[in-house]
Every structure is written in structure tokens, then in C-alpha cells.
Amino acid sequence: MRRRHLLLFAAGLLLAASCNSPKTTTGKTLSFPKVDSLLKVMTLEEKIGQMVLLTSDWSVTGPSIREGYLEDIRRGRCGNIFNAYTADYTRKMQEIAVNETRLGIPLLFGYDVIHGFRTIFPVNLGISCSWDIDAVRESAVIAAREAAAAGLHWTYSPMCDISVEPRWGRISEGAGEDPYLGSLIAAAMTEGYQGKDLSDPLTLLACVKHYAAYGAPQAGRDYNTVDMSERWLREFYLPPYKAAIDAGALSVMASFNELDGVPATANKHLMQDILRDEWGFQGFVVTDYTGINEMVCHGYAEDEADAGRLAVNAGIDMDMQSASFLNYLKEQVESGEVSMKTVDDAVRRILNVKAALGLFDDPYRYCSPEREKELTLTEENLRFARKLSAESMVLLKNDGVLPLKTEGKIAVIGALADSADDLLGSWRGAGEVQHIPRTILGAIREKVGEKNVIYARGCDELSDDRSGFAGAIAAAILAKQVVMVIGEDCQWTGEAASRTSIKVPGVQTELLRRIAALGKPVTVVLMNGRPLDLSEESELAGAILEAWYPGTMGGYAVADVLFGDVNPSGRLSVTFPRNLGQVPLYHYAKNTGRPYVHPEAKYESRYLDSPNTPLYPFGYGLSYTSFDYSPVALSADSFTGDSGITAAVTVTNKGPREGTETVQMYIRDLVGSVTRPVRQLKGFERITLAPGEARTVEFYIDAETLSFYRQDMTWGAEPGGFNVWIGPDSSTGNVAGFSYR
Ligand code: NOJ
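Residues numbered from 1 in each chain as written. Predicted model: local features only at pLDDT ≥ 70, side-chain atom pairs only at ≥ 80, totals over all residues. Heavy atoms only, no water.

Caption draft 1: A look at unusual backbone geometry. The omega angle of the peptide bond from Tyr211 to Ala212 is 10 degrees, so this bond is cis rather than trans. With an omega of 0 degrees, the peptide bond between Val583 and Pro584 qualifies as cis. Following the sequence through the fold, Pro584 ends up in the loop between helix H23 (554–562) and strand S17 (627–629). Look at Ala219: it is not a glycine, yet its phi comes out positive at around 60 degrees. Here the phi dihedral of Gln321 falls at roughly 75 degrees; this positive angle occurs in a residue that is not glycine. Along the chain, the position of Gln321 falls in the loop between strand S10 (319–320) and helix H14 (324–334). (Helix = DSSP H or I, 4+ residues; strand = E, 2+ residues; numbered from the N terminus.)

In C-alpha cells, the structure reads:
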């Protein structure tokens, strides 16, 4: 991966793309004569219909408040449908829109294709731990291909919400805590979904969500209040949304939360000032579900009509599921509360996207039962899923227990070990358990032979039923090695799945304690969607493999890593704290005026009952081989203006087998007009080295790398001294100093 290229993604938000000529992924400005001519003949009701998005309730992803969507389509009251798929069913609905409405404007079909459609990849937090941007892009290409073949046009992804909040269940849907990595992933997913040409029937329209800062709910409770400074918002939260838009995303979903007292759904600063005026976004903005109605509960709107008026006037183009536009917008236009221009602008944006998708040329281009059959769950897709799944796993601890030996009996313990359902995680698209070839248990059995595996359920993830403990202990006694699969029920992560504890739930850790006391080599495999407090597990287990919810091929992928067929290479994209009391804990923290440096000091920034440091830092992950880093070599120790320097290390594979290392560069600006993080990720490169092989990895540093929102909120670098670390994670690495003049 080229560093210069990477650095562009971290570019300042105030260096927004020219607003004069926003481009589609095809490089053309969005404008279609067909749309202009339609707008001239559409009635107000027909225009409003295009601004309405209703669920088919084929899948349920939120509260249902309306029935009879087919009749709504027929009467031109609904121009867009979500939660319905298959080439057949979408064709039936499309026929109603095309043949039975006056203007025959095709429907747009949306769905939550979040980490795969039929072939399910690991949950997104897991995928982000691969740090493999090409693989991330490829996962979106495959998801788009499968979903588009099932009649879909539009995915509600990428989810670009930065989060440092492990209590929040939706941290599993994003790319973790870091804006730099998050931006690369957001852009790659957008490119993967949309391809080079949106009208290609193998691609999907991307939707950047949840705009904005949904990942920072107070106390980690889903949908809760968000409040942060504009500076923090712009520096740490907005970059991934912006990166996806720069990559060509043509739709954005407003978030449920309020920001600075104004719900995102009616937040002009977000929709107009930043999104459209600064970033030049020319696609359309959709609400998140009943986000409009919810403004009544927020205490921001008097009633649903008022809420709709506030939303449309703030820049919302499409109303998902609240029916506020459907019920009240006509009257509001007639009374002058909403201008005709506002409605026309919204409809133009929506129809432009329909035109870009090629729907006016052929409304049925995405409904092909043949393609659906041919492109779904192919061997190639499943092979890729297995690879990505293994790449997403992070080896957190290994005292030599892994890779597992293939001789001798293995006790496999835990309900999750044999759960196909949990492999899929939350937001599993159209993924089905019947397409999972093996659970973790099944894959281990296949690997070493059924007679060599003793399975005991032990306990499940949530209950406090200990009746299976004796059986699990007996199994462990009979075995040479133990694999315990523990974690969270997959419904305990995702939307509306916040927790006040981040410990492994139920009595799983208690059982681990009992098993560990037997003195056998114990490997813990974790299935979960958030950073957990593993302080006790990390003491008890000989090895810990974070497998997340690894997807359709996750059973095989876990076995691939456990037995060493694949050398683990995942690195944490989010910090694992020691305990919940440390939250929020993230690698780009600042120093404070009293940093903790003296072990016994009282008046320094510390806890009395816990170290400040995480259990597992951002960027961390082990391998079955080991890598050695040379000191950092700078091409010069200072630079000015438009020039730059390189920082390089030589990395050597010191171990016995080939391995992939993610070489990471972090920077600190020592003195700024506003305080700066002690370390901030500014570059990385994944390299694969044979045993004994050495490679020099070089990062380019220029003013853009050092830029931030200065005190006056302009984006740029400030002269002065800097440190650069290059190493295997955010807490170690070799350091060098340089200056920028
Ligand atoms: C609500 C969720 O917040 C959002 O992510 C999803 O895309 C919509 N529901 C539609 O299902």
C-alpha cells in the first residue's frame, strides 16, 4: 500500500473537494435529462412519493408502523422499498411501480447488506482487524454481487461510526476507534460496493451511515445523547464519512442521535454546511428508520408533522418508514411551510441516483433469477470468506499452547463451539445457518477425526446454569488439550444491544476457572462483537484467539488458525481495556497536565485501583512467528513547506515460519496551538515475510501528515518538534524525532 496514497485519506476536512463539480463514481456530474423532464410533469403527490421509503417487512429491522405497502406503491405514494429481496419478489413489486403508476418511475430497493449478503463475512469490527484494505474492498464487491443479483440496488453500508465505547452494541458494526484506519475502510467498502459504474448490475449504491457521531452515545446506551466539541467531531469522528463520500458514495443516512442539542435528522449544520457545502455531496440523505417521528420524543418537534417539516427543511430527502412526508408534506408545501424548491431538490437528488443506477433504462436489470443462482454462495466467495475470516482473528495471548497438536484427544467446551447461528453475528443479511458447512466443533472434528474430540457444552453464554460443568470437567480430564469457546450471544451485540458490563457473560469464566485448575493447556476462542474485559481470562488461559463472529466459513477459519494452517495476522482496531472503569480508552489520548509517570505519585492522572494502560492496545496482535524492528531511520531530521521526509524501519522475520506483520507508524506533535494526542496512527503497511527474510518499510511524512484543526479551526501543520514511532502496535515501537519548519 502506498503511503502517499494513504495519507490523502487523512486529509483535512476543510480541504473539501471543490463544491462546484461534484462527481459520481463514473466521474460525471450527476445530471440526467430524463430526471429534468420527469420533474416538469410530476404532481406534488408523485414527488412526495419518491421521497418515501417503506419496509416490506420481509425482514424486520425496526418498529413496524405501516401495512399495505403494495397499495402505497400502486398509488404512487411510495417510491422506494427496503427489506425485500430475491429477483422474483423485487420484480413483482417493480412491475407494480412501472406498469401501474402514471409515470412508471422504478422503485429503489434497499437492504442492510452489512458484512455480506448470502456469504457472510465476519462482523465489521472483525474485518477491520485484518487491516487488509484490499480484502475489505473485495468483501464489499462480493456482497454487492450477491445482493444485486437478488434484485437489490442499495445497501445501508458502510457504517462509518468511530467508537471508543465498548458498552455500545453497535461497535461491532464499525471499523473501531481510529479515524485513519476507519477512513481507509470506509472508502474501500464504498469502492467495492459501487464499483466503477453504478449502472453495472453487479454493483450496489452505498449509504454512508450513521451521520454523524452515532458511535459516541453517552454511557454507551444505544440512541443516547451525543455531545462533543466541533474540533473533536471533525478530527476524530467525521473523517470516515467524508472518505466514503470522496470515494463516490451517493447516499447518506442521518443518525438517530442528537448532536449539540439538535437531532441529526434535523441538523442543518451537518446536512447542509458540512455535507453539501463543504464536502460537495450531491447524492440524497435518508433518515434512519423513524428518525423523523423520534424528534417528538427528543423534545425537538411538537408532533410528527412538525418533525417532518424540520427534517425536510434541514436537508433530509427521503423519509424511511416514519410516513411523515407521506402524511403531511403536501399540506406543508401548499401552506408555504416547505418550499416547492426544497421538494424539487430532494426529488431531483433521488431520481438522479435512480438514473445513475440505470433504472430508467431497464427497471428490471437487477432482477435476474439466473444471476442470483449463479453468483450466490459460489465456491470462490466461500473460499474468500474463509480467508478473510482467518485474517480478521486476533491472537491475544499464546504461551506456546498454539498451534494445537493434531495428536491426542482435544476437549472442545462451550455452547458457542457448536453454534452455527452465532457464527453469523448480527446483521447477517440473507445469510442462513443451513449454508454454514461447519461449526467450530465440526471443523475441529473434521481436522483431527471425530474420535479424537470430546465435546461438552459446559454452559451457555447467558444463563447461570452450571449443570453441564461436571461433564465439561470430565471431558477436559480425558483430553490432552482443551479448547473453550466462550463469549457473547450474537444478539448481545449490534443494534439495541448495549451492556453495562463488558465481562464475559454468564458463568463461562467460572467454568474456565475450573477447567484451568486442571493444569491442561487451555485455549480460549472468543466470539463477541465488542472489546471485553478479559483481565481474568488472560490469566487463566494459555492462549486466547479473538474470533469475533466469523461468518459462514468461520468454523473452518477458526480451525485453520488453531492448528496453524493459517498464521494469525489480525491486529486490534480497537483498544481492549482492563476494566469498564477505564472506558473510554483509546490510543490517541492526550497527555494531560499531570501525566502518570512516577509509580507512587498521588497527584498524577491515574487510578488507585487499576493501571492506566489497556490490557491489549490498539494495533496489537500476535503471530506464530516473531518480528524484529530496526531503529527508525529518517531521510532528514527536518523539512519545510511542501517537502517531506521518509521514516523507515527494517523488519525481520525471526521465527520459524512465514508470517504477516502490520507495520504501524504513529506521530506526536510535541507542542501545538491546541493539545495533540500522545500518539496517533498515521500510516501502516502489511508485509508478509518468509523465515529469516527482512524488508525495509518506508513511510512518507509531509505537512499533510502533521495537519490538524489548529486553534482557529483552520486545517494545517504547525512548525515545531515531532516524534515518530514505527512498531507492531500503538504502545511499543522505536522512536525518532524530527522537526517541521
Ligand atoms: C436502523 C439502523 O440503525 C440502521 O443501521 C439500518 O440501516 C436501518 N434500521 C434499516 O434497517
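Caption draft 2: Main features of helix H2 (residues 33–41). Looking at H2, one finds that the buried residues are Val35, Leu38 and Leu39. All buried residues of H2 fall inside an arc of 100 degrees around its axis, so they share one side. Along H2, exposed side chains directed more than 90 degrees from the buried face belong to Pro33 and Lys40. Buried residues in H2 make contact with helix H3 (44–50) and helix H15 (340–356). (Buried < 20%, exposed > 50% of the residue type's maximum accessible area, 1.4 Å probe, protein only. Arc of directions from axis to C-beta. Contact = heavy atoms within 4.5 Å.)

Caption draft 3: Examining the environment of Glu302 more closely. You can see Glu302 is positioned in the loop between helix H12 (294–298) and helix H13 (304–314). Once the C-alpha coordinates of Glu302 and Leu572 are considered, the two residues, 270 residues apart in sequence, prove to be 45 Å apart.

Caption draft 4: Highlighting the packing of aromatic side chains. Per the counting criterion, the structure on display carries 27 aromatic pairs. Centroid distance Tyr211 to Tyr241: 5.5 Å. Interplanar angle 85 degrees. Geometry classified as edge-to-face. On the criterion of sequence distance, the pair formed by Tyr211 in strand S5 (residues 207–211) and Tyr241 in helix H10 (residues 239–246) is long-range, its members being 30 residues apart. The pair formed by Tyr211 and Tyr241 is uniform in burial state, with each residue classed as buried. Aromatic side chains Phe639 and Tyr740 sit 5.1 Å apart centroid to centroid with 50 degrees between the ring planes, which places their arrangement in the tilted category. Note that Phe639 is positioned in strand S19 (residues 638–639) and Tyr740 in strand S27 (residues 734–740), a separation of 101 residues in sequence. By the burial criterion, Phe639 is buried, and Tyr740 matches it. An aromatic cluster is built from Phe82, Trp154, Tyr156, Phe284 and Tyr289, whose rings are joined through pairwise contacts. (Phe/Tyr/Trp six-rings, centres within 6.5 Å; stacked < 30°, edge-to-face > 60°.)

Caption draft 5: Molecular detail of the pairing of strand S26 (residues 720–727). Looking at chain direction, strand S21 (residues 659–669) and S26 are connected through six bridges and run antiparallel. Its bridge partner lying in S26, Tyr666 is registered against Trp725. As defined by bridge partners, S26 adjoins S27 across seven bridges and the pair is classed as antiparallel. Along S27, the bridge assignment pairs Gly721 with Ser739. Count of turn residues in the S26/S27 antiparallel hairpin: six residues, of which Gly733 carries a positive phi of about 110 degrees. (Pairing = 2+ DSSP bridges.)

Caption draft 6: The arrangement of helix H8 (residues 179–194) in detail. Compared with an ideal rise of 1.5 Å per residue, which puts 16 residues at 22 Å, H8 spans 22 Å between its outermost C-alpha atoms and is within 8% of the ideal. Of all 16 residues in H8, 15 are buried, a share of seventy percent or more. Of the residues flanking the start of H8, the one acting as N-cap is Asp178, its side-chain oxygen 3.0 Å from the backbone nitrogen of Tyr180. (Expected span 1.5 Å × (residues − 1). Polar contact = N/O pair within 3.5 Å; in protein donor to acceptor, adjacent residues only side chain to side chain.)

Caption draft 7: Main features of the sheet that holds strand S6 (residues 251–254). Strands sit in the order S5-S6-S9 across an open sheet of three strands; the sheet is parallel. Since the sheet does not close on itself, it has two edges, and those belong to S5 and strand S9 (284–286), each with one partner. Pairwise comparison of adjacent strand axes, ignoring direction, gives a mean angle of 25 degrees for this sheet. Here three bridges tie S6 to S9, and the two strands are oriented parallel to one another. Residue pairing in the sheet places Val252 in a bridge with Val285 of S9. Running at roughly 140 degrees to S5, helix H11 (residues 268–278) makes contact with S5, S6 and S9 of the sheet. (Axes fitted to C-alpha atoms, helices over the stretch in contact; angles between N-to-C directions.)

Caption draft 8: Molecular detail of the packing of helix H9 (residues 230–237) against H10. Following both chains from N to C, one finds H9 and H10 inclined at 50 degrees, their axes separated by 6 Å at the closest point. As the angle between them shows, H9 and H10 are arranged oblique. Judged by residue contacts, Leu233, Arg234, Glu235, Phe236 and Tyr237 of H9 engage Pro239, Pro240 and Tyr241 from H10. Split by residue class, the contact of H9 with H10 holds six nonpolar, no polar and two charged. (Parallel < 35°, antiparallel > 145°, perpendicular 65-115°, else oblique. Nonpolar A, V, L, I, M, F, W, Y, C, P; charged D, E, K, R; others polar.)

Caption draft 9: Geometry of empty space enclosed by the protein. Taken as a whole, this structure holds four cavities of 30 Å³ or more when the rule is applied. Lining the second largest cavity are 17 residues; nearest its centre among them are Met159, Gly174, Ala175, Ile185 and Met189. Counting only elements with at least two residues in the lining of the second largest cavity, the list comes to helix H6 (124–128) and H8. Residue contributions to the lining of the second largest cavity peak at four residues, all from H8. Counted by class, the lining of the second largest cavity contains ten nonpolar, five polar and two charged residues. (1 Å grid on protein atoms, 1.4 Å probe; cavity = no way out; pocket = protein on both sides within 12 Å on 5 of 7 lines; lining within 4 Å. Points joined across faces, edges and corners; volume = space filled by probe spheres on them.)

Caption draft 10: Molecular detail of the environment of Ala150. Note on placement: Ala150 falls in the loop between helix H7 (133–149) and strand S4 (154–155). Linking Ala150 and Thr376, residues 226 residues apart in sequence, is a C-alpha distance of 8.9 Å. Among residues more than four places away in sequence, those in contact with Ala150 are Tyr85, Thr86, Ala87, Thr90, Phe117, Tyr366 and Glu372.

Caption draft 11: How the structure looks around the sheet that holds strand S12 (residues 410–413). Strand order in the open sheet made by the six strands is S11-S16-S15-S14-S12-S13, with mixed pairing throughout. The sheet is open, and its two edges are formed by strand S11 (394–398) and strand S13 (453–456), each paired on a single side. Going from strand to strand, the sheet's axes swing by 15 degrees on average, the running direction of each strand aside. Relative to strand S15 (residues 522–527), strand S14 (residues 481–487) runs parallel, the two being bridged by six bridges. Bridging from a neighbouring strand, Ile486 pairs with Leu526 of S15. On top of the sheet, helix H20 (residues 469–478) reaches S12, S13 and S14; it is set at about 165 degrees to S13, its chief contact. Along the sheet, helix H21 (residues 508–516) contacts S12, S14 and S15; its crossing angle with S14, the most-contacted strand, is approximately 170 degrees.

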